[in-house]
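Descriptive structure summary
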Amino acid sequence: MIIVIAIVLRNLSHRVITRVVNRAATSGSITSRFRKGVATDTIDALLHERRKQRAETMGSVLKHIASIVILGTAILTVLDRLTIPIAPLLTSVGILGVAIGFGAQELVKDFIAGMFMLLEDQYGVGDVIDAGAAVGTVEAVTLRVTRLRDADGRVWYVRNGTITRVGNESQGWSRAYMDVPVAYDADITGVKVLLEHVAEEIWADPEFRESKIVEQPQVFGVEALSDSSLVFRITAKTLPAAQAEVAREIRLRVKSALDSAGIPLVPTA
């Protein structure tokens, strides 16, 4: 009867955990706060995969913990009912646990770091991160290792316990920018007006507005000053991981606008 009750409780706990995991994996998208109703299938797919993998990993951990607690308690209760002394068994298990703990310190460290990483949602599948040992796109996250693919296509397996700091380029929003060096004697007002026109133009483009750029690009004016050049800076707040594409488009449009106005670019010192 104890074993039957334990199995029923285990199945019920697994069913509850599965239901919670499915609900967490299909929760609403957070990108709506940036896109204001504009749908981007690729970003939605990445975010869904990230939530799904995070929820499934946590669900797997919770299921294992529930099984160990319920079945372990049932076994000890059955042994006690059969008048089999369990004190020596508990002592042996404790000694064995200490020995395994000393021998698997790195593994335990990896698992603990992976647990906190998932709970704090530091990064997920599809994020571009700098993990110290490698920089790349996250392809898989487990409790023990994180798998990255860098720009050259090389796959990196980084143990979670070795990651001491993470730079995430894909959380919330990103920023694209371009520095525009022009001649020292160039018309400051004219150059700034030209760049502001480029910013308005790209913001009015439906291909970029709110689907890649979340705010109108800004021109900060003179960012740096030297004896040979004035450096203007134009920036744009973008959706996560879209800054490279937006920066390329800004460079193209700024170059075309400067050429049309006869304003040459000069090398910075």
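These numbers come from a predicted model, not from an experiment.

**Observations concerning the overall build of the protein chain**
Along the backbone of the protein chain there are 7 helices and 8 strands. When burial is assessed residue by residue, the protein chain has 36% of its 269 residues classed as buried. Only carbon and sulfur atoms are counted for the fraction: they give 61% of the accessible area of the protein chain, which is about 16000 Å².

**As for the sheet that holds strand β3 (residues 145–149)**
Taken together, the 5 strands give an open sheet; going across it, the order is β4-β3-β2-β1-β5, and neighbouring strands pair in antiparallel fashion. Across the chains shown, the open sheet's two edge strands, defined by having one partner strand only, are β4 (155–159) and β5 (167–168). In this structure, β3 lies alongside β4, joined through 5 bridges in antiparallel fashion. Paired with Arg147 across the bridge in β4 is Tyr157.

**Some words on the sheet that holds strand β6 (residues 174–183)**
Spatial ordering of the open sheet is given by β6-β8-β7, a layout of 3 strands whose pairing is antiparallel. Of all strands in the sheet, those with a lone pairing partner are β6 and β7 (218–225), marking the two edges. Within this sheet the neighbouring strands show an average axis-to-axis angle of 25 degrees, counted without direction. Across 10 bridges, β6 lies against strand β8 (residues 229–238) in antiparallel orientation. Its bridge partner being in β8, Pro181 is matched across the sheet by Val231. Contacts from helix α6 (residues 188–204) reach β6, β7 and β8, with the element oriented near 20 degrees to β8. Here helix α7 (residues 243–261) sits on the sheet in contact with β6 and β8, set at roughly 25 degrees to β6.

**Comments concerning the packing of aromatic side chains**
Tallied over the full model, the rule gives 0 aromatic pairs. Taking NZ or CZ as reference, Lys212 lies 5.6 Å from the ring centre of Phe208, over its face.

**Topic: the pairing of β8**
The element β8 is extensively covered by neighbouring structure, given that 9 of its 10 residues are classed as buried. In terms of strand pairing, β7 meets β8 through 5 bridges, oriented antiparallel. Along β8, the bridge assignment pairs Leu225 with Leu230. In this structure, the hairpin formed by β7 and β8 is closed by a connection of 3 residues.

**Digging into the nonpolar core**
Core analysis: the biggest nonpolar cluster contains 26 residues, and Val180, Val182, Ile250 and Val254 have the highest contact counts within it. Contributions of two or more residues to this core are made by β6, α6, β8 and α7. At 7 residues, the largest contribution of residues to this core is made by α6. Core analysis: the next-biggest nonpolar cluster, separate from the first, contains 14 residues, Met117, Ile129, Leu148 and Ile163 among them.

**Examining the environment of Arg175**
Position of Arg175 among the secondary structure elements: in strand β6. Sequence spacing of Arg175 and Pro217 is 42 residues, and the spatial spacing of their C-alpha atoms is 9.8 Å. When sequence neighbours within four positions are dropped, the list of residues in contact with Arg175 reads Thr235, Ala236, Lys237, Thr238 and Gln243.

**Let's talk about the confidence of the model for the protein chain**
Residue-level pLDDT values for the protein chain average 82, and 87% of them are 70 or greater. Ignoring residues within four places in sequence, the model shows residues 29–40, a span with pLDDT below 50, making 20 contacts including any to other chains.

**Thoughts on a nonpolar patch on the surface**
On the surface, a cluster of nonpolar side chains totalling about 590 Å² of accessible area is made up of Met1, Val4, Ile5, Val8, Leu9 and Leu12. Positionally, Leu12 belongs in helix α1 (residues 2–25). For Leu12, a relative accessible area of 45% corresponds to the partly exposed category.

**Thoughts on α6**
Each full turn of the α-helix corresponds to 3.6 residues, which orients residues three or four apart in the same direction. Here α6 contains 17 residues, and its C-alpha end-to-end distance of 24 Å stays within 8% of the 24 Å for a straight helix at 1.5 Å per residue. Listed in full, the buried residues belonging to α6 are Val191, Leu194, Leu195, Val198, Ala199, Ile202 and Trp203. Among the structural elements, β6, β7, β8 and α7 are those in contact with the buried residues of α6. Near the N-terminus of α6, the side chain that reaches the backbone nitrogen of Thr189, with its oxygen 3.3 Å away, is that of Asp187.

**Details of the side chain of Lys237**
Checked against the element boundaries, Lys237 lands in strand β8. Discounting residues that sit within four places of it in the chain, Lys237 has contacts with Trp173, Ser174, Arg175, Lys212, Ile213, Val214 and Glu215.

What counts, and at which threshold
- Residues numbered from 1 in each chain as written.
- Predicted model: local features only at pLDDT ≥ 70, side-chain atom pairs only at ≥ 80, totals over all residues.
- Heavy atoms only, no water.
- Helix = DSSP H or I, 4+ residues; strand = E, 2+ residues; numbered from the N terminus.
- Buried < 20%, exposed > 50% of the residue type's maximum accessible area, 1.4 Å probe, protein only.
- Areas by Shrake-Rupley, 256 points an atom, 1.4 Å probe, with all protein chains shown as cover.
- Pairing = 2+ DSSP bridges.
- Axes fitted to C-alpha atoms, helices over the stretch in contact; angles between N-to-C directions.
- Contact = heavy atoms within 4.5 Å.
- Phe/Tyr/Trp six-rings, centres within 6.5 Å; stacked < 30°, edge-to-face > 60°.
- Lys NZ or Arg CZ within 6 Å of the ring centre and 35° of its normal.
- Core = buried A, V, L, I, M, F, W, Y, C linked by side-chain atoms within 4.5 Å.
- pLDDT = per-residue confidence, 0-100.
- Patch = residues over 30% accessible without salt bridge, like charges linked within 9 Å, V, L, I, M, F, W, Y side chains within 5 Å.
- Salt bridge = Lys/Arg side-chain N within 4 Å of Asp/Glu carboxyl O.
- Expected span 1.5 Å × (residues − 1).
- Polar contact = N/O pair within 3.5 Å; in protein donor to acceptor, adjacent residues only side chain to side chain.

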